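Structural characterization, general
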Amino acid sequence: MRYSFLQLVKEGLRGQSGWTPVWRSPEPQRSYDVVIVGGGGHGLAAAYYLAREHGVRRVAVLERGWLGSGNTGRNTTVVRSNYFFPESARIYDFALRLYEELGRELNFNIMLSQRGMLMLAHTEHDLELMARSVNAMRVNGIDVELLDARQVRAEVPLLNFSADARYPIHGGFMQRRGGTARHDAVAWGYARGADALGVDLIQNCEVTGFHIEGDRVLGVTTNRGAIAAGAIGLTAAGHSGVLAAMAGFRLPIQSYALQAMVSEPIKPALHTVVLSTATGTYVSQSDKGELVFGAGIDLYPSYAQRGNLPVGEAVIAGLLEMFPSFRRLKLMRQWAGIVDVCWDYSPIIGPAPVQGLYLNCGWGTGGFKTIPAGGWALAHLLATGRH
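Residues numbered from 1 in each chain as written. Predicted model: local features only at pLDDT ≥ 70, side-chain atom pairs only at ≥ 80, totals over all residues. Heavy atoms only, no water.

1. Looking at the overall build of the chain
When helices and strands are counted, the chain shows 9 helices and 18 strands. Computed over the C-alpha atoms, the radius of gyration of the chain is 22 Å, within 12% of the 21 Å expected from 2.2 N^0.38 for a compact globule of 387 residues. Taken along its principal axes, the extent of the C-alpha atoms in the chain is 65 × 55 × 40 Å. Burial status across the chain gives 53% buried among its 387 residues. Expressed as a percentage of contacts within the chain between residues at least 6 apart in sequence, the contacts between residues at least 24 apart total 74%. Here the chain has roughly 18200 Å² of accessible surface; of this, 54% comes from carbon and sulfur atoms. Side-chain charges in the chain split into 36 positive and 32 negative, and the spacing between the mean points of these groups amounts to 5 Å. (Helix = DSSP H or I, 4+ residues; strand = E, 2+ residues; numbered from the N terminus. Rg over C-alpha atoms; globule rule 2.2 N^0.38 Å. Buried < 20%, exposed > 50% of the residue type's maximum accessible area, 1.4 Å probe, protein only. Contact = heavy atoms within 4.5 Å. Areas by Shrake-Rupley, 256 points an atom, 1.4 Å probe, with all protein chains shown as cover. Lys, Arg positive; Asp, Glu negative; His and termini not counted. Charge placed at Lys NZ, Arg CZ, Asp CG, Glu CD.)

This is how it looks when you write it as structure tokens:
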């Protein structure tokens, strides 16, 4: 149904009484075949693939806030698969291939924009290492290309190519299939798809403990009552360690804040995602014209979904080193997501020490990029008990 501007205003004032909800808001049942704890991208994707690929439809997704209120709604929306190690390349590229078909499959516009991902080399040594990385990625089947300084300048002429640049640009490499997707649209698309297949999406439902007998989990306790389950999947990102402690074991992960920020909107000026290997700062321009940028994680563990001035200053300095012409822009918003980092920066997808409990965690800064693959893999594990 199409709405005029006046109808949209009326609906807003009436509390949207005339709009059909995109998914149901059911009361939790007393038992399910599978309960997934965490209503972000990975949890919603796992529920969707459980129902679609494996026919498991007595599934509940429990989210203590609203769907996508965690890291899925607190990231910089970049998707790519230009990773060095074969295992990483395979799972990230599987995710990217699923992203490429996701809008059509879900009949929901996830606003995938394959505008490319450019990583900059700032020394001849950087460029030499990038050549090695590009060769390895190509062996792994990843589409990347090495660029010299002239080619980088042709791609992004606004970059700082001055003779006195602190980090001179010697070249870089590009994955043209990389880009961005709209984070909330990914969550909403999976939520609508899972709901249509019979999955119960239960918001404002916080897990407060696990019902464990012997060495097997039988269900969860929540602020909305106890729920029995044949199997339970944990997809709580930065709070995976908290839930694991409730179940009586410790995960080899640490939670950190990952900050990001957005500038005021400007006319289209940046047509790809750019990352500086010297500063770690990366930036893209949103469809609304805002510059969306961030860098690495904070250097101390935290559960605070906010940033701090020292890291913000370093991120902005990195941005202005790459693009001096952005120096007069105003900063509009700043936030942080909580990422769970394994010591080897690789995820954990597998059974927990408690039987019937399965893990999807440890993605670090790569969680949004791998939502389709992480959900698909966890769904297979929950349905079959096998990787």
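Let's pick the thread back up.
2. Observations regarding the sheet that holds strand E16 (residues 331-342)
Reading across from one edge, E5-E6-E4-E13-E14-E15-E12-E16 is the order of the 8 strands in this open sheet, with mixed pairing throughout. Each end of this open sheet is capped by a strand with a single partner; those strands are strand E5 (145-148) and E16. Along the sheet, successive strands turn relative to each other by an average axial angle of 20 degrees, direction set aside. Packing of helix H8 (residues 309-322) onto the sheet brings it into contact with strand E4 (117-121), strand E12 (253-263), strand E13 (273-276), strand E14 (282-285), strand E15 (291-294) and E16, and relative to E12 it is tilted by some 50 degrees. (Pairing = 2+ DSSP bridges. Axes fitted to C-alpha atoms, helices over the stretch in contact; angles between N-to-C directions.)

3. Quick word on the packing of aromatic side chains
Under the criterion given, the structure shown has 9 aromatic pairs. Ring pairs connect the aromatic residues Tyr48, Tyr49 and Tyr190, which therefore count as one cluster. (Phe/Tyr/Trp six-rings, centres within 6.5 Å; stacked < 30°, edge-to-face > 60°.)

4. With respect to the packing of helix H2 (residues 41-54) against helix H9 (residues 371-384)
One can describe the packing of H2 onto H9 by two numbers: an axis separation of 7 Å at closest approach and a directional angle of 55 degrees. On the basis of their axis angle, the class for H2 and H9 is oblique. Every pair of crossing elements has a handedness; the one defined by H2 and H9 is right-handed. Along the contact surface, H2 presents Gly41, His42, Ala45, Ala46, Tyr49, Leu50, Glu53 and His54, while H9 presents Ile371, Pro372, Gly374, Gly375, Trp376, Leu378, Ala379, His380, Leu382, Ala383 and Thr384. Residues of the contact of H2 with H9, tallied by class, amount to 11 nonpolar, 7 polar and 1 charged. (Parallel < 35°, antiparallel > 145°, perpendicular 65-115°, else oblique. Left-handed = near helix turned anticlockwise from the far one by under 90°. Nonpolar A, V, L, I, M, F, W, Y, C, P; charged D, E, K, R; others polar.)

5. Structural notes on the packing of helix H3 (residues 86-106) against helix H6 (residues 183-196)
Running from N to C, H3 and H6 cross one another at 45 degrees; their axes reach a closest spacing of 10 Å. Accordingly, the angle class assigned to the pair H3 and H6 is oblique. In the crossing of H3 with H6, the sense of the turn from one axis to the other is left-handed. Between H3 and H6, the residues in contact are Tyr99, Leu102 and Leu106 and Val186, Gly189, Tyr190 and Arg192, respectively. Of the residues in the contact of H3 with H6, the class split is 5 nonpolar, 1 polar and 1 charged.

6. Some words on the nonpolar core
Counting residues in each nonpolar core, the largest one holds 45 residues, and the members touching the most others are Ile36 and Tyr190. At the level of elements, strand E1 (31-37), H2, strand E2 (59-62), H3, H6 and H9 are the ones that each hand at least two residues to this core. Within the second largest apolar cluster, 27 residues are counted, among which are Tyr32, Val35, Ile253 and Val354. (Core = buried A, V, L, I, M, F, W, Y, C linked by side-chain atoms within 4.5 Å.)

7. Examining the pattern of salt bridges
Applying the stated rule across the entire model yields 17 salt bridges. A salt bridge links aspartate 200 to arginine 24, with the shortest nitrogen-to-oxygen separation between them at 3.3 Å. Residue aspartate 200 is found in strand E8 (residues 200-202), and its partner arginine 24 is found in the loop between helix H1 (5-13) and E1; the two are separated by 176 residues along the sequence. Put simply, aspartate 33 and arginine 58 hold a salt bridge, and the shortest N to O gap is 3.0 Å. Residue aspartate 33 is located in strand E1, and its partner arginine 58 is located in the loop between H2 and E2; the two are separated by 25 residues in the primary sequence. Three or more residues are tied together by salt bridges with common partners; here these are Asp93, Arg97, Glu100, Asp143 and Arg177. (Salt bridge = Lys/Arg side-chain N within 4 Å of Asp/Glu carboxyl O.)

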